[in-house]
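Listed here are the chains, written in short residue letters.
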Amino acid sequence: MESESKTLGEKVMDSPYLMYALIILANVCGLIAFGLLIYWLKEYLGDFAFDDSRALFNYHPVFMSLGMVLLFGNSMVIFRILKELPISKLIVKIIHGVIHMSTILFIILGLYAVVERNNNFGFNDMYSFHSWFGVFTISLFVIQFIMGFVSFLLPLLPEEIKRTIMPIHRFVGGVTFILALTTVLLGLKELTIFLSGGTAGVYSEYPKYGDIANVTALFFCFFGILLMLIMMNPAFKRLGDKQKVAAE
């Protein structure tokens, strides 16, 4: 009776087909942004290499955007992505945790790339908005991961406490993702400023590297906006295993 009373617009907004369309569109935007970033770095900052400190730095934005934006973003919606499949919630929790662990691995590699470059060339650390936001966001992410692992994956807490913690976990996760996206955009802006005035041209005179950076930033934003739309729609949430049985 409840579904029959819904308007056409409400039925569309609650449709799993809309959710999967948004997930696909979000990831298309994310992959375009990631591909543009790699092209932009190779075109204007040189090749990628582990045996050369200057080329090693290029892995920093690649690993950080891959981990803290693309993987983290998809990890947030993994419960929704897999909700129509006959997979237990425990298995989805494990997948969620594995993606987060992969994100931490890319964070370590990304930090190594920038710290190694700075140490070898005598550059200062921790002087910009980007670096401060980055350290704060990474700290929040790691704390969130540990708290989530202890609270939801290990069988330590009663269900009542888990239900109380869950809204906080979701809120902190969403805030951390927004901060991660902001940090990536700040880093992209910082690199365009470094390029300004060199052989690539002044940023305010609309050089090609500036246009590519701006488009890259927009696609990262599209990725984040679409994922947040998915997270905000309660109809896309996955039911617990017990709730599924009751609904059936």
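Model, not experiment: these values are computed from the prediction.

Another aspect to go through is the overall build of the protein chain. Regarding its fold elements, the protein chain presents 10 helices and 0 strands. Reading the secondary structure of the protein chain in the N-to-C direction produces α-α-α-α-α-α-α-α-α-α. For the protein chain, the spread of C-alpha atoms along the three principal axes comes to 65 × 45 × 25 Å. Within the protein chain, buried positions represent 41% of all 248 residues. Residue pairs at least 24 apart in sequence account for 75% of intrachain contacts in the protein chain once pairs closer than 6 positions are excluded. Of the accessible surface of the protein chain, which amounts to about 14,100 Å², a share of 71% is contributed by carbon and sulfur atoms. Once the 18 positive and 18 negative side-chain charges of the protein chain are each reduced to a mean point, those two points are 8 Å apart.

Moving on: the nonpolar core. Among the nonpolar cores identified, the biggest contains 52 residues, and Trp40, Val69, Phe223 and Ile230 are the most heavily contacted of them. Where this core is concerned, the elements lending two or more residues are α2 (16-45), α3 (53-57), α4 (59-76), α5 (78-81), α6 (89-121), α7 (129-153), α8 (159-195) and α9 (208-232). Discounting chain neighbours no more than four positions away, the residues touching phenylalanine 223 are Ala26, Asn27, Cys29, Gly30, Val69, Leu70, Gly73, Asn74 and Phe177.

Conventions used here
Residues numbered from 1 in each chain as written. Predicted model: local features only at pLDDT ≥ 70, side-chain atom pairs only at ≥ 80, totals over all residues. Heavy atoms only, no water. Helix = DSSP H or I, 4+ residues; strand = E, 2+ residues; numbered from the N terminus. Buried < 20%, exposed > 50% of the residue type's maximum accessible area, 1.4 Å probe, protein only. Contact = heavy atoms within 4.5 Å. Areas by Shrake-Rupley, 256 points an atom, 1.4 Å probe, with all protein chains shown as cover. Lys, Arg positive; Asp, Glu negative; His and termini not counted. Charge placed at Lys NZ, Arg CZ, Asp CG, Glu CD. Core = buried A, V, L, I, M, F, W, Y, C linked by side-chain atoms within 4.5 Å.

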